[in-house]
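Understanding the architecture of this molecule
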Amino acid sequence: MSVTAILRSAVRAENRHVVTHIIPKRALSGAEAVNALRPFYFAVHPDFFGQHPKEREVNENSLKRLNGYLESLQKPGGRPVRPTRLTFYVRETQAQGDEERKAAGFRPVTFTLQTRDVLSTVVDVLRSCSLSVEHVQALQSGSGSGAAAARPFYRPIKWDKTYYAFTGFRDPEQELEQARRVEPALSVWLRDNEAGASQKQSASLPRREELERLKTELREKLGLGDIRWQRCWDVSHRCCQLQSLARLSLQNPEALLNLRGHTILYSDQSGMNASGYVMLGNTDVHHHWARLFERLPSYCGLFQQTECLKEQISLLLGGVQVVHVERLGPVLPLEEHYAALSAFQNRLLPQRLVLHPRSLQGLTMTLENDRTRPSLHELGHFIIPTASDPAQLRSFLQSRAQEARKRMKSRKELEAEEQAVVERCVRRLSLSVLTKEPSVSSSQMIQCCRRLLDECSPHVQGLRLRVSHFYSVVQDGDLCIPWDWKS
């Protein structure tokens, strides 16, 4: 063979090697991602955590953030996705004989997503939770040739019922359905759990007094506007959080000078949220908090810029106010809120929208990055995509303004009715406290309270009742009941 032939052969081989490395792996579709994550969803699904409201709430919020992360990755030409730290409580199983396997508890798993495509994200999530990735290995390798490689991969991971009967493995769909169906009547559940709840409530009284003492002491010492919590953490956990802040104030008092006048929000991450609250991450240590306090002047400057952007957008859109409803979604960091406002304003400025300066006065709107068309929420505020077309947006706002005002009026009436019926429940049932979880709407709360008044159970006298979606007795003695409880 000539030298020229040898060189040509080497070049062809090198070209083949280069091509295999520069051809990107096929993007994973949304449907494929859902099917690939099916084992993960059944391991962390909130419906399986009915007796553990704190863990259920953590999983609910983390799933929302994970879904938002995946949706952002699937947007063509979207902005780079910020690293996202997630915490899940993953159910663990152990063998219980040859015929069944039962849940043996759960373990917390925390990981940070920094992937740039859907497939890598799916694999990262599964591996972080110690779940098998064998069913996505074919996708990850990107192998295949000809027509077979061109066809989209789609194989739902849904086994026939005979598979579970033969292997003895539990059917996750059947288990989920049973978890939803097995729900006792309210009177029976209250009768069985009243004594235990009363005992836990009595035991928690000293901790509740300590919590109020710490809260008052820190507010006065640090000059805080308020101290709040993102989640329904138990009283002992909240006391530990406040004690940690108190120790920091003794060890490094200079670091906390910038906190004066601010509202503290204990949450899953540190920073400042869209409402201007100083967020203290639940898993962060003192030096993380101290660095945050040092940066507070910069955060305050950014918060003022967001307020200016809101005013400018309001002037461009006839007086409608941009708001962020924290209770309807996860905590929104201030940086993300500012980026969304800036991008939205930049789309509006080149257009001359013909809107009367006060035609939409009194109405509100939220900005969403993961939506494609505007909508009107049942509570009366507009939900507007950041990438909205200005002309279409003007037409939408003008056409739905009257309906928005009607829904806002209805919402205020519902909230007033809810407050009245809650106060009536507390008096007639002799409750210590009656509250609800943020995910329970006003109409659901009203319906629940009316039925409680009709039921007039003697098993709740002097107890703390919380309206939720599941039955549970929390560590501090609060009785959680579903809003649509069975008679």
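Here's what I pulled together on the structure shown here. Model, not experiment: these values are computed from the prediction. Counting starts from 1 at the beginning of each chain's written sequence and moves along it residue by residue. For this predicted model, a pLDDT threshold of at least 70 governs which residues receive local features, and a threshold of 80 or more governs which side-chain atom pairs are given and counted, while totals over whole chains, interfaces and linings are taken from all residues. Hydrogens are left out, water is left out, and the side-chain values use all remaining heavy atoms of the structure.

So, on to the nonpolar core. Ranked by size, the top nonpolar core spans 30 residues in total, and within it Leu245, Leu259, Tyr266, Leu280 and Phe293 carry the most contacts. The contact criterion used throughout is that any non-hydrogen atoms of two residues lie within 4.5 Å. Ignoring anything within four residues of it in the chain, the contact list for Phe293 reads Leu245, Leu248, Ala255, Leu256, Asn258, Leu259, Val278 and Leu280. Listed in part, the 28 residues of the second largest apolar core include Val90, Val109, Phe111 and Val122. Joining through side-chain atoms within 4.5 Å is the link that ties buried Ala, Val, Leu, Ile, Met, Phe, Trp, Tyr and Cys residues into a set, and such a set is a nonpolar core. Per-residue accessibility, obtained with a 1.4 Å probe over protein chains only, is compared with the maximum for each type, and a residue is labelled buried under 20%, exposed over 50%, and partly exposed between these values.

The subject of this paragraph is unusual backbone geometry. As a rule of thumb, non-glycine residues mostly have phi less than zero, and peptide bonds are mostly trans rather than cis. In this structure, Ser130 is a non-glycine residue whose phi angle is positive, near 60°. Mapped onto the elements of the fold, Ser130 is located in the loop between helix 5 (118-128) and helix 6 (137-141). Ser130 gets classed as exposed once you look at its relative accessible area, which sits at 59%. Phi at Ser430 is positive, roughly 55°, even though this residue is not glycine. For the purposes of this entry, the term helix denotes a DSSP run of H or I that reaches at least four residues, the term strand denotes a run of E that reaches at least two, and both are numbered from the N terminus. Counting through the fold element by element, Ser430 comes out in the loop between helix 15 (390-428) and strand 11 (433-436).

On to the sheet that holds strand 6 (residues 278-281). Strands are labelled as partners when DSSP assigns at least two bridges between them. Taking strand neighbours across the sheet as the criterion, the four strands line up as 3-4-6-5 in an open arrangement whose pairing is mixed. Bordering the open sheet on either side are strand 3 (226-229) and strand 5 (271-272), each of which pairs with just one other strand. Pairing of strand 4 (residues 263-267) with strand 6, which is carried by four bridges, proceeds in the parallel orientation. Residue pairing for strand 6: Leu265 is matched across the bridge by Met279.

The next point concerns the side chain of Thr121. Residue position: Thr121 is located in helix 5. Here Thr121 falls in the buried class, since its relative accessible area comes to 1%.

So, on to the pattern of salt bridges. The term salt bridge refers to a side-chain nitrogen of Lys or Arg lying within 4 Å of a carboxyl oxygen of Asp or Glu. A full pass over the atoms with the stated rule returns 17 salt bridges. Between Lys310 and Glu307 there is a salt bridge whose closest N-O contact spans 3.4 Å. In this pair, Lys310 and Glu307 are both assigned in helix 13 (residues 296-316), three residues apart and thus about one turn of the helix distant. A relative accessible area of 11% means that Lys310 is categorised as buried. According to the relative accessible area criterion, Glu307 is partly exposed, its value standing at 30%. Of the charged contacts in the structure, one is a salt bridge between Arg411 and Glu415, with a shortest N-O distance of 3.8 Å. Highlighted residues: Arg411 and Glu415, both in helix 15, separated by four residues, approximately one helical turn. Taking the relative accessible area as the measure of exposure, Glu415 reaches 33% and is therefore partly exposed. Shared partners join several salt bridges into a network, and the residues in it are Arg208, Arg464, Arg466 and Asp478.

Next up on the list: the environment of Gln305. Residue position: Gln305 is located in helix 13. When the C-alpha atoms of Gln305 and Ser342 are compared, they prove to be 9.7 Å apart, with 37 residues separating the residues in sequence.

As a further point, take the sheet that holds strand 14 (residues 479-482). Spatially, the four strands line up as an open sheet ordered 11-12-14-13, and their pairing is mixed. Because the sheet does not close on itself, it has two edges, and the strands there are strand 11 and strand 13 (472-473). Across four bridges, strand 12 (residues 464-468) lies against strand 14 in parallel orientation. Looking at strand 14, one finds that Arg466 is bridged to Cys480. In the packing of helix 10 (residues 186-222) onto the sheet, contacts are made with strand 12, strand 13 and strand 14, and the angle to strand 14 comes to roughly 145°. Every axis in this analysis is a line fitted to C-alpha atoms, fitted for helices over the stretch in contact. Angles between the N-to-C directions lie between 0 and 180 degrees.

Residues Val278 and Leu280 of strand 6 are buried on one face, and the alternating residues Met279 and Gly281, pointing to the opposite face, are buried as well. Relative to strand 6, strand 5 runs antiparallel, the two sharing two bridges. Looking at strand 6, one finds that Gly271 is bridged to Met279. Connecting strand 5 to the next strand, strand 6, in antiparallel fashion are five residues, including Gly276 with a positive phi near 90°.

Any functional reading would require information that these geometric values do not contain.
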